[in-house]
Amino acid sequence: MGLIMLLSCEKPQTGTDGKEEGEGTASECVVPKTAQAGKDVILQWEGFVQGADIFLVSSDGKEYDMDVRSVTSSGLTFRIPSNVPAGVYKVKLVQNGTKELGQITVTAAPLPVTGLKMPSGAKQGEVMHISGAGFEDGCSVKFAGADADPVTLEASLTNMGISVVIPEDMPAGEYEVSLVQDGMSWVIAEDFQVYEELVMKTLVRVEYDTPYIGTAMLRYSWDISYDDPVTLTLSEYVVEGEVVSLEAYDRYECNEVMSEIVLVEDGLELSNDLEMTYDRNVESGFPNSSNVLIYGNDEPTLFTWTYGSDGFLTEISSPKLSFRSLDYTDGNLTRFALTGFRYDDPELVNHPGAADVAWGYMSIVEINDPFVYFPYLLGWYDLDSALLPSTIQIPDPSGAGTLEYPLSYEFDEDGYVISMAWDTNKIRYFYE
């Protein structure tokens, strides 16, 4: 609890009346020059008696009843409620009548949230996440724009902070954003952008570079061609300086109705998956199941794709085992099989039309079972994490635990992530 005290060198403000029932006169009361809403204030005077009431009176005559905490022989302590607006007030004592003790300047209560982080903008209809500690149930977020009426949106508590849904009909433009909580309001962003027009692009290539031998790099890439027929090509290269050498490739071909994908070129000889037939949801386009002919088998294996109530894929399973599992927190993919992703920066976001970078990573490092990633590469499963991961957690190849690396990004002029890098590795995303 903070106490507002006077320095001995300050000239005390004095009351305006005379005698008191108690020692001294009200004119001897020392009133601090400034105080902060939500904090305690000490009035120094020997004349207070038990039951005394203190009010702050604004210039327009509005009175605010103070919470008197204690009365002693040397003074009185009261707390200014957090919802008292900043301004200059008269200090009024109600004790055997009404007396004015002096004047005090109240500053706004401090923002009750620590570690506040929020994105720089959001799209109409999008869920916006704000992280921090100190949000309370029932708080809201107010948007005030120069060319639009103020809009106050209800907030939902999350594990990391709060989330709000930007209305689809909210005018695009720049807004001042305020947190409204406990009857108070605090500005938390001055130039927040609401977007309307978006540049939509199609993912056509994912490329992964990793150290190989000496100064050479090993490169894998997925190339998606939407010509007739639609093909997906997994290529392996060795990169030495400016020289890029194609070593081998696998090519997969889609049928006309995009329900079946067949391995037609097997240069890499890495894939377990020879033929894949997908049953897809009519409305969402997401796979319900996939029949996969696995190398060495005579009959295809049925894999079921399971989704949570929020629509995110949670598991791909065969009749015998859980083949891939995925975990989420606040709309962000936090674990995919044995790989983890951490989201520490709520301002780190991808373009709403961009492909999920975590799925892109998985598609290029787990190349033995591509049937899991074809729906992602072809845009069938396009439900993305709300944020970009700030850290990747990879199993140590030695089996000694987990390796953790911070991630860095490059964006194009439209806000699409075009590269994600960590340690000596980089993934590039290509769009048309």
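Calculation criteria
Throughout this document, residue positions are counted from 1 along each chain, in the order its sequence is written. It should be noted that, the model being predicted, local features are given only for residues of pLDDT at least 70 and side-chain atom pairs only at 80 or more, the latter also being counted only at that level, while totals for whole chains, interfaces and linings use all residues. Excluding hydrogens and water, the side-chain figures rest on all heavy atoms present in the structure. Strands qualify as paired when DSSP identifies two bridges or more between them. Counting from the N terminus, the helices are the DSSP runs of H or I reaching at least four residues and the strands are the DSSP runs of E reaching at least two. Accessible area is worked out with a 1.4 Å probe on protein chains only. A residue is then buried under 20% of its type maximum, exposed over 50%, and partly exposed in between. Here a polar contact is taken to be a pair of N or O atoms separated by no more than 3.5 Å, where protein atoms must pair a possible hydrogen donor with a possible acceptor and residues adjacent in sequence count only if both atoms sit in side chains. Note on geometry: axes are C-alpha line fits, over the in-contact stretch for helices, and angles between N-to-C directions span 0 to 180 degrees. A pairing counts as a salt bridge when a side-chain nitrogen of Lys or Arg comes within 4 Å of a carboxyl oxygen of Asp or Glu. By convention, a stacked pair of Phe, Tyr or Trp rings (six-membered ring in the case of Trp) has centres within 6.5 Å and planes under 30 degrees apart, an edge-to-face pair has planes over 60 apart, and any other such pair is tilted. Lysine NZ or arginine CZ positioned within 6 Å of the ring centre and within 35 degrees of the ring normal marks a charge as sitting over the ring. The predictor rates its confidence in each residue with pLDDT, a number between 0 and 100. The contact criterion used is simple: two residues touch if any of their non-hydrogen atoms lie within 4.5 Å. Residues enter a nonpolar core if they are buried and are Ala, Val, Leu, Ile, Met, Phe, Trp, Tyr or Cys, with the set joined through side-chain atoms within 4.5 Å.

Peer 1: Sorry if this is basic, but what is going on with the sheet that holds strand E15 (residues 156–157) here?
Peer 2: What links the strands of a sheet is backbone hydrogen bonding, and the strands pair in either a parallel or an antiparallel sense. Pairing within the open sheet is antiparallel, and its four strands lie in the order E10-E12-E16-E15. Strands with a single pairing partner mark the edges of an open sheet, and in this sheet they are strand E10 (114–117) and E15. Pairing geometry for strand E12 (residues 127–133) and strand E16 (residues 161–165), over five bridges, is antiparallel. Bridging across to E16, Ile130 finds its partner in Ile162.

Peer 1: It is not clear to me how helix H1 (residues 357–365) should be interpreted in this structure. Could you clarify?
Peer 2: At 3.6 residues per turn, the α-helix brings residues three or four places apart onto the same side. Counting buried positions over the nine residues of H1 gives eight, a clear majority of the element. Within H1 the residues assigned to the buried category are Val357, Ala358, Trp359, Gly360, Tyr361, Met362, Ser363 and Ile364. By the N-cap criterion, in which a side-chain oxygen at the helix start approaches the backbone nitrogen of a residue two or three places on, H1 is capped by Asp356, the distance to Ala358 being 2.9 Å.

Peer 1: Would you mind going over unusual backbone geometry with me for this structure?
Peer 2: Across residues other than glycine, the phi torsion is negative in most instances, and most of the peptide bonds are trans. Along the chain, Asp228 connects to Pro229 via a cis peptide bond; the corresponding omega equals 5°. For Pro229, the position within the fold is in the loop between strand E20 (217–225) and strand E21 (231–240). Positive phi, normally seen in glycine, also occurs at Asn96, with a value near 55°. For Asn96, the location among the structural elements is in the loop between strand E8 (87–94) and strand E9 (98–107). Notably, Asp423 is not glycine yet its phi reads approximately 50°, a positive angle.

Peer 1: What's the story with the sheet that holds strand E4 (residues 53–57) in this structure? I'm lost.
Peer 2: Pairing within the open sheet is mixed, and its five strands lie in the order E2-E9-E8-E4-E5. Whereas interior strands pair on both sides, the edge strands pair on one side only; in this sheet they are strand E2 (34–36) and strand E5 (63–65). Adjacent strand axes in the sheet meet at a mean angle of 40° when their direction is disregarded. One ladder, built from eight bridges, connects E8 with E9; its direction is antiparallel. Residue pairing in the sheet places Val94 in a bridge with Thr98 of E9.

Peer 1: Please clarify how the pattern of salt bridges should be interpreted in this entry.
Peer 2: Where charged atoms from two side chains of opposite charge approach closely, those side chains can pair. Within this structure, the stated rule accounts for 16 salt bridges. Put simply, Glu63 and Lys92 hold a salt bridge, and the shortest N to O gap is 2.4 Å. Placement of Glu63 in strand E5 and of Lys92 in strand E8 is noted, with a sequence separation of 29 residues between them. A relative accessible area of 17% places Lys92 in the buried class. Salt-bridge contacts for Arg428 lead to Glu207; the nearest nitrogen and oxygen are separated by 3.1 Å. One end of the pair, Arg428, is in strand E35 (residues 425–431); the other, Glu207, is in strand E19 (residues 203–211), and 221 residues separate them in sequence.

Peer 1: Whenever I open this one, the packing of aromatic side chains confuses me. Can you help?
Peer 2: Aromatic rings in a pair are described by how distant their centres are and how their planes are angled relative to each other. Under the counting rule described, the total for this entry stands at 26 aromatic pairs. Geometrically, the ring pair formed by Tyr208 and Trp422 is stacked, given 6.1 Å between the ring centres and 10° between the ring planes. Highlighted residues: Tyr208 in strand E19 and Trp422 in strand E34 (residues 417–422), separated in sequence by 214 residues. Like Trp422, Tyr208 is buried. Here the aromatic residues Phe286, Tyr307, Phe336, Trp359, Tyr373, Tyr376 and Tyr381 are joined through ring pairs into a cluster of three or more. Lying over the aromatic face of Phe55, Lys92 brings its terminal NZ or CZ to 5.2 Å of the ring centre. Above the face of the Trp380 ring, Arg280 is positioned so that its terminal group lies 4.0 Å from the ring centre.

Peer 1: Can you walk me through the environment of Val365 in this structure?
Peer 2: Secondary-structure assignment places Val365 in helix H1. Judged by its relative accessible area of 30%, Val365 falls in the partly exposed class. Along the sequence, Val365 and Tyr220 sit 145 residues apart, while their C-alpha atoms lie 8.6 Å from each other.

Peer 1: Is there a simple way to explain the confidence of the model for the protein chain in this structure?
Peer 2: Residues shown with low pLDDT carry predicted positions that ought not to be read at fine detail. For the protein chain, mean pLDDT is 90; residues scoring 70 or higher make up 94% of the total. Within the protein chain, strand E1 (residues 3–4) has the poorest average pLDDT of any element, 42, and E35 the best, 98. This model gives residues 1–24 a pLDDT under 50, and the stretch forms 58 contacts once residues within four places in sequence are excluded.

Peer 1: Would you explain the environment of Ile188 in this entry?
Peer 2: Among the structural elements, Ile188 can be located in strand E18 (residues 184–195). Judged by its relative accessible area of 15%, Ile188 is buried. Distance in space between the C-alpha atoms of Ile188 and Met118 is 8.5 Å, their sequence separation being 70 residues. Not counting residues within four places of it along the chain, the set of residues in contact with Ile188 comprises Leu111, Leu116, Met118, Ile130, Val177, Ser178 and Leu179.

Peer 1: Even after reading the chapter, I still don't get the nonpolar core, so can you show me in this structure?
Peer 2: A general feature of soluble globular proteins is that nonpolar side chains tend to end up buried together. With 66 residues, the main nonpolar core has Leu232, Trp359, Phe371 and Tyr429 as its most contacted residues. Ignoring anything within four residues of it in the chain, the contact list for Leu232 reads Trp222, Asp223, Ile224, Asp250, Arg251, Tyr252, Cys254, Ile261, Phe374, Leu377 and Leu378. Grouped together as the second largest cluster of nonpolar side chains are 50 residues, Ala109, Phe143, Val177 and Met184 included.

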